[in-house]
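In case you want the letters, here they are:
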Amino acid sequence: MLKYTPPKRCTRWMATIFMPLIALIGIIGTPFYIYHNGLALSELALFLFYLLATSLAITAGYHRFFSHATFKTNSFVRFLLLFFGAATFQKSALRWASQHRQHHQFTDTELDPHSSARGLFYCHVGWIMFYKHDVNFGNVKDLSSNKMIMHQHENYDLWSITSGLILPMAIGFLIGHPLGAFIMSFCLRVTMILNMAFFINSSAHMIGKKTFDPDASAGDNWFWSLLTNGEGYHNYHHKFPNDYRSGHLIHHWDPSKWFIFLLSKVGLAWDLKRTSNPTPAVLS
Ligand SMILES: [Zn+2]
Ligand SMILES: [Zn+2]
């Protein structure tokens, strides 16, 4: 039986300074930069590529692959998921998966790392900025046996700074727009990806239809799915966490399931897990 402890109050200075600072630079700096310098196609392409690659690395990678093992893949795809996942500054895949499994096991109790029962601010960013979490890695033994996953975990700073800052900046220099790369492909992009994950922890546990589990705080909401790369059908996900899809119906906006499906069609993913005939508890 694994032992878990509740979060402890503690101001985490890196998070309290880093997150608001890059948010300010990204949100205020981007319109200023575009107004004064215009927007070259190459820097827009860099931003969009990095936004898509790093958000899929979290939703399809950290979440659906590492945390829930909803499909299998090869070591090349696993490397890309680890590489671009680190670029979001959400800690290692091992730590992320451990805390996420804890969230599923103890949803909305004092052992849930980002319990929505503690209010909107806490489950959005408060749990990262003002609380210390003891992580019990006993719940991710299936991951800790993999050398590449452990390398990313033990050398997380190297991975995250290389993939999240050095590479987009190097490309920015190559295309002649280092300042634009810093403001948009680093500050704005990291702020957007961080808040995509935070919205799932907060809003998706407060607003949405209780389609499959009326007693869960998690809700299904198409609008959150638009903002979070398809993670908005969170009631379904909490009921069926082993399904590679979050939006299980064909018309549900879920780019992460389409990405995994596409990988399977070109032989880069297999054994995709699906819930057969999920029955809604409440007709929506
Ligand atoms: Zn949740
Ligand atoms: Zn999950």
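It should be noted that the structure appears before, not after, this text.
Residues numbered from 1 in each chain as written. Chains lettered and ligands numbered in written order. Predicted model: local features only at pLDDT ≥ 70, side-chain atom pairs only at ≥ 80, totals over all residues. Heavy atoms only, no water.

Asker: Explain the coordination of the zinc ion (ligand 1) here, please?
Answerer: The textbook angles at a metal center are 109.5 degrees for a tetrahedron of four donors and 90 or 180 degrees for an octahedron of six. At the metal site, the zinc ion (ligand 1) is ligated by His103 (NE2), His205 (NE2), His234 (NE2) and His238 (NE2), and these contacts range over 2.1 Å. Considering all four donor atoms around the zinc ion (ligand 1), angles at the metal cover 94 to 162 degrees and the coordination shape is irregular. Written as a sequence motif, the donor arrangement for the zinc ion (ligand 1) is H-x101-H-x28-H-x3-H. With His103 in helix α4 (residues 93–105) and His234 in helix α11 (residues 234–239), the pair connects residues that are 131 residues apart, well separated along the chain. Looking at His103, the relative accessible area reads 1%, which means it is buried. (Donors = N, O, S within 2.8 Å, 3.2 Å for Na, K, Ca; no water. Tetrahedral: all angles 85-135°; square planar, octahedral: opposite > 155°, others 65-115°. Helix = DSSP H or I, 4+ residues; strand = E, 2+ residues; numbered from the N terminus. Buried < 20%, exposed > 50% of the residue type's maximum accessible area, 1.4 Å probe, protein only.)

Asker: Would you take a moment to explain the packing of aromatic side chains for this structure?
Answerer: Any aromatic ring pair is given by two values, namely how distant the centres are and how the planes are angled relative to each other. Enumeration over the complete set of coordinates arrives at 24 aromatic pairs. Ring geometry for Tyr4 and Phe106: centres 5.1 Å apart, planes at 65 degrees, overall edge-to-face. Of this pair, Tyr4 sits in the segment before β1 (8–9) while Phe106 sits in the loop between α4 and α5 (120–129), and the two are 102 residues apart along the sequence. Accessibility assignment for this pair places Tyr4 and Phe106 in one class, buried. Centre to centre, the rings of Phe223 and Trp224 are 5.6 Å apart; their planes meet at 55 degrees, and the pair counts as tilted. Given the relative accessible area of 39%, Phe223 is considered partly exposed. Among the aromatic residues, those joined into a cluster by ring pairs are Phe49, Tyr50, Phe79, Phe83, Phe84 and Trp159. The side chain of Arg9 reaches across the aromatic face of Tyr131, ending 5.9 Å from its centre. Arg118 extends its terminal NZ or CZ atom over the ring of Tyr122, reaching a point 4.3 Å from the ring centre. (Phe/Tyr/Trp six-rings, centres within 6.5 Å; stacked < 30°, edge-to-face > 60°. Lys NZ or Arg CZ within 6 Å of the ring centre and 35° of its normal.)

Asker: Explanation requested: the environment of Leu143 in the structure shown.
Answerer: Checked against the element boundaries, Leu143 lands in helix α6 (residues 141–144). Residue classification places Leu143 among the buried residues on the basis of a relative accessible area of 7%. Separated by 92 residues in the primary sequence, Leu143 and Leu51 place their C-alpha atoms 26 Å from one another. Leu143 has contacts with Phe66, Leu94, Ala97, Arg101 and Ile149, leaving out every residue within four places of it along the chain. (Contact = heavy atoms within 4.5 Å.)

Asker: Please explain the coordination of the zinc ion (ligand 2) as it appears in this structure.
Answerer: Of the protein atoms, only His63 (NE2), His68 (NE2), His100 (NE2), His104 (NE2) and His237 (NE2) coordinate the zinc ion (ligand 2), at distances of 2.0 to 2.2 Å. Every donor residue of the zinc ion (ligand 2) comes from the same chain, spaced as H-x4-H-x31-H-x3-H-x132-H. Residue His68 is located in the loop between α2 (41–67) and β2 (72–73), and its partner His104 is located in helix α4; the two are separated by 36 residues in the primary sequence. Accessibility classification places His68 together with His104 in one group, the buried group.

Asker: Even after reading the chapter, I still don't get empty space enclosed by the protein, so can you show me in this structure?
Answerer: Empty pockets left among the atoms are what a rolling probe the size of a water molecule brings to light. Evaluation of the coordinates by the stated rule reveals two cavities of 30 Å³ or more. In this model, the largest cavity occupies a volume close to 50 Å³. In terms of lining, the largest cavity is formed by Thr5, Pro7, Gln99, Gln102, Leu111, Asp112, Pro113, His133, Asp134 and Val135. By volume, the second largest cavity amounts to about 40 Å³. Surrounding the second largest cavity, His63, Arg64, Thr70, Glu231, His237, Pro241, Asp243, Arg245 and Ser246 form its lining. (1 Å grid on protein atoms, 1.4 Å probe; cavity = no way out; pocket = protein on both sides within 12 Å on 5 of 7 lines; lining within 4 Å. Points joined across faces, edges and corners; volume = space filled by probe spheres on them.)

Asker: Honestly, a nonpolar patch on the surface in this entry has me stumped. Any pointers?
Answerer: A surface patch of nonpolar side chains, about 630 Å² in accessible area, is lined by Trp222, Phe223, Leu226, Leu227, Trp253 and Trp258. With four residues, helix α10 (residues 222–227) is the single largest residue contributor to the nonpolar patch. Examined against the element boundaries, Leu227 turns out to sit in helix α10. (Patch = residues over 30% accessible without salt bridge, like charges linked within 9 Å, V, L, I, M, F, W, Y side chains within 5 Å. Areas by Shrake-Rupley, 256 points an atom, 1.4 Å probe, with all protein chains shown as cover. Salt bridge = Lys/Arg side-chain N within 4 Å of Asp/Glu carboxyl O.)

None of the figures reported here should be taken as evidence of function without further support.
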